[in-house]
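Each chain, letter by letter, is given below.
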Amino acid sequence: MYRADVDPEHASVTGRKRSQRPQRTHREVAEELRARIRSGALRPGERMPTQAQLAHEFGVERGAVRQALRILQSERLLTNVSKGAPATVAADLTRALTGPEAPPLPTTVALAPRIAEAFAAEHVEIDAVCLTSISLTLAIGEPLRQIHAGRLKPAKVDVRVLLPSRDIDLAFPVPVEGRRDDWVHERWVAMRNAQGQVLEHNLLALRATHGIDVQVTFRALPFTPPVKLYLLNGAEALFAYYTLARRETEIDHEHLEMYDAQGTRSMLFSFRQGPGLRDTTFVEQSHLWFNALWETISSELVLTG
């Protein structure tokens, strides 16, 4: 348990002598505190040191500490993160959503905390390959709320999204019997366009409301992506398979059986750059793959019509 009577000039939250290392980033602070929580050095229900004590230990500004604590709160490792009283280690760590040891989780559960962490950076870079941008649009809602509340303010946001072209025959969604395919296709086009427009509008609005430099670009792929991929700030790759299922839907008051994938439920796997060669290589190769598609066979995409 943390002892309040230990001189913060000479001890860390685990009682170790403070190291004399160069100033760390907020992500490095979050990684260290995450490791202490997972190792049991900081136990469930235990109060954290104050932000001033943490800032002194890590040799960073309090703002970096607050960003680190918000990351861990978004991962459900901490509670009661505020400018006042010290945060508390979550009582139930089995609910933690992210981190190197976290299991894969549905996109709707896992993506938003990772996007929120990405927006804690000064320069946010998000690349995505997906069938529609609905999961990304939903996930960006949380950091947008934090920006509007004054808790986050990146200087620059760059988002690039690869989506299937409307001019191709999609592998899915498609009717089971191969009939009325134009209905299904036009319905998908409308959804692709609507979600992309909402994503673009919400992000570009940050220019006027908060003076943030925002760039959002879409390009069209000549094929149906069998997987979805999100690349965050050059440091993390989130990967999920589109798993097809047969389901019934209603279009213009007619029932239609179709093969489709529910991307919001796809299990999302996280790979992060770090000491592990496997994860680092996956992130690097994912960036090479994305950039190759962006620069070669993709084409301009206008989200209308």
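What you see is a predicted model; the values in this text were computed from it and never measured. All residue numbers refer to positions counted from 1 along the written sequence of the respective chain. At least 70 in pLDDT is required for a residue's local features to be given in this predicted model, at least 80 for side-chain atom pairs to be given and counted, and no such filter applies to totals for whole chains, interfaces and linings, which use all residues. With hydrogens and water excluded, all non-hydrogen atoms of the structure serve as input to the side-chain values.

(A) Up close: a nonpolar patch on the surface. A grouping of Tyr 241, Met 267 and Phe 269 is seen on the molecular surface, where their side chains present a nonpolar patch of about 300 Å² in accessible area. Considering the arrangement of structural elements, one finds Phe 269 in strand β12 (residues 267-272). Burial classes: relative accessible area under 20% of the type maximum marks a residue as buried, over 50% as exposed, and values in between as partly exposed (1.4 Å probe, protein chains only). On the accessibility criterion, Phe 269 (34% relative accessible area) is partly exposed. Candidate patch residues must exceed 30% relative accessible area and have no salt bridge, after which like charges are joined if within 9 Å and Val, Leu, Ile, Met, Phe, Trp or Tyr side chains if within 5 Å. What sets the accessible areas is the Shrake-Rupley method with a 1.4 Å probe; for residues, cover comes only from the shown protein chains. The salt bridge definition used is simple: a Lys or Arg side-chain nitrogen within 4 Å of an Asp or Glu carboxyl oxygen. The secondary structure listing takes helices from DSSP runs of H or I that are at least 4 residues long and strands from runs of E that are at least 2 residues long, numbered from the N terminus.

(B) Examining the pairing of strand β9 (residues 236-241) more closely. Of all 6 residues that make up β9, 5 are buried, and the element is covered over most of its length. As judged from the 6 bridges shared by strand β8 (residues 227-232) and β9, these two strands associate in the antiparallel manner. When the sheet's bridge partners are listed, Tyr 230 is paired in β9 with Leu 238. By the convention used here, strands pair only if DSSP detects at least 2 bridges between them. With antiparallel pairing between neighbouring strands as the criterion, β8 and β9 make up a hairpin whose turn holds 3 residues, including Asn 233 at a positive phi of roughly 55°.

(C) Unusual backbone geometry, seen in detail. Here Phe 172 and Pro 173 are connected by a cis peptide whose omega angle stands at 0°. One non-glycine residue, Asn 80, lies in the positive phi region at around 60°. Inspection of the secondary structure puts Asn 80 in the loop between β1 (78-79) and β2 (88-89). For Asn 80, a relative accessible area of 53% translates into the label exposed. Although it is not a glycine, Asn 233 sits at a positive phi angle of roughly 55°. Within the secondary structure layout, Asn 233 lies in the loop between β8 and β9.

(D) Region of the structure containing helix α2 (residues 51-58). A large share of α2 lies buried, amounting to 6 of its 8 residues. Regarding α2, the residues found buried are Gln 51, Gln 53, Leu 54, Ala 55, Glu 57 and Phe 58. Residues count as neighbours in contact if any of their non-hydrogen atoms are within 4.5 Å of one another. Turning to α2, the residues buried within the fold contact α1 (26-39) and α3 (62-74). With its phi angle positive at about 70°, Gly 59 sits one or two positions after the end of α2.

(E) The arrangement of the packing of aromatic side chains in detail. Any two rings among Phe, Tyr and Trp, with Trp reduced to its six-membered ring, count as a pair given centres within 6.5 Å; such a pair is stacked if its planes are under 30 degrees apart, edge-to-face if over 60, and tilted if neither. If you walk through the whole model with that rule in mind, you get 5 aromatic pairs. Note on geometry: a ring has a charge over it if NZ (lysine) or CZ (arginine) is within 6 Å of the ring centre and within 35 degrees of the ring normal. Positioned above the aromatic ring of Trp 294 is the side chain of Arg 160, whose terminal nitrogen or guanidinium carbon lies 5.0 Å from the ring centre. Positioned above the aromatic ring of Trp 294 is the side chain of Arg 219, whose terminal nitrogen or guanidinium carbon lies 6.0 Å from the ring centre.

(F) View of the pairing of β8. Counting buried positions along β8 gives 6 out of 6 residues, so the element sits mostly inside the fold. Side chains of β8 alternate between two faces, with Val 227, Leu 229 and Leu 231 and Lys 228, Tyr 230 and Leu 232 buried alike. Pairing between strand β4 (residues 123-129) and β8: 4 bridges, direction antiparallel. When the sheet's bridge partners are listed, Ala 128 is paired in β8 with Tyr 230.

(G) The sheet that holds strand β7 (residues 213-221), seen in detail. As summarised here, the arrangement of the 8 strands in space is β3-β12-β9-β8-β4-β5-β7-β13, forming an open sheet in which the pairing is mixed. Of all the strands in the sheet, just β3 (105-106) and β13 (299-300) have a single pairing partner and so form its edges. The sheet contact formed by β7 and β13 spans 2 bridges and is antiparallel. Opposite Arg 219, over in β13, you have Glu 300 as the bridge partner. Fitting a line to C-alpha atoms yields each axis, with helices limited to the stretch in contact; the angle taken between N-to-C directions then spans 0 to 180 degrees. Contacting β4, β5 (156-164) and β8, helix α5 (residues 134-148) runs over the sheet at an angle of about 35° to β8.

(H) Highlighting the packing of α1 against α2. Their axes nearest at 12 Å, the elements α1 and α2 cross at an angle of 110°. The angle between the axes of α1 and α2 places the two elements in the roughly perpendicular class. Residues Val 29, Glu 32, Leu 33 and Arg 36 of α1 touch α2, and the partners they reach there are Leu 54, Glu 57 and Phe 58. In this classification, Asp, Glu, Lys and Arg are treated as charged, Ala, Val, Leu, Ile, Met, Phe, Trp, Tyr, Cys and Pro as nonpolar, and every other residue, Gly included, as polar. Looking at the contact of α1 with α2 residue by residue, the classes come out as 4 nonpolar, no polar and 3 charged. Put simply, angles under 35 degrees are roughly parallel, angles over 145 are roughly antiparallel, angles from 65 to 115 are roughly perpendicular, and the rest are oblique.

(I) Fine view of the pattern of salt bridges. Here the structure, examined in full by the defined rule, presents 14 salt bridges. For Glu 31, the salt bridge identified is with Arg 272, shortest N-O distance 3.6 Å. Residue Glu 31 is located in helix α1, and its partner Arg 272 is located in strand β12; the two are separated by 241 residues in the primary sequence. Glu 31 gets classed as partly exposed once you look at its relative accessible area, which sits at 32%. Of the charged contacts, one joins Arg 114 and Glu 117 as a salt bridge, the two residues approaching to 2.8 Å between their closest N and O atoms. Of the two residues, Arg 114 and Glu 117 are both situated in helix α4 (residues 107-118); the distance of 3 residues between them amounts to about one turn of the helix. Both residues of the pair, Arg 114 and Glu 117, belong to the buried class. Counted as one network, the salt bridges with shared partners bring together Glu 31, Arg 34, Arg 114, Glu 117, Glu 236 and Arg 272.

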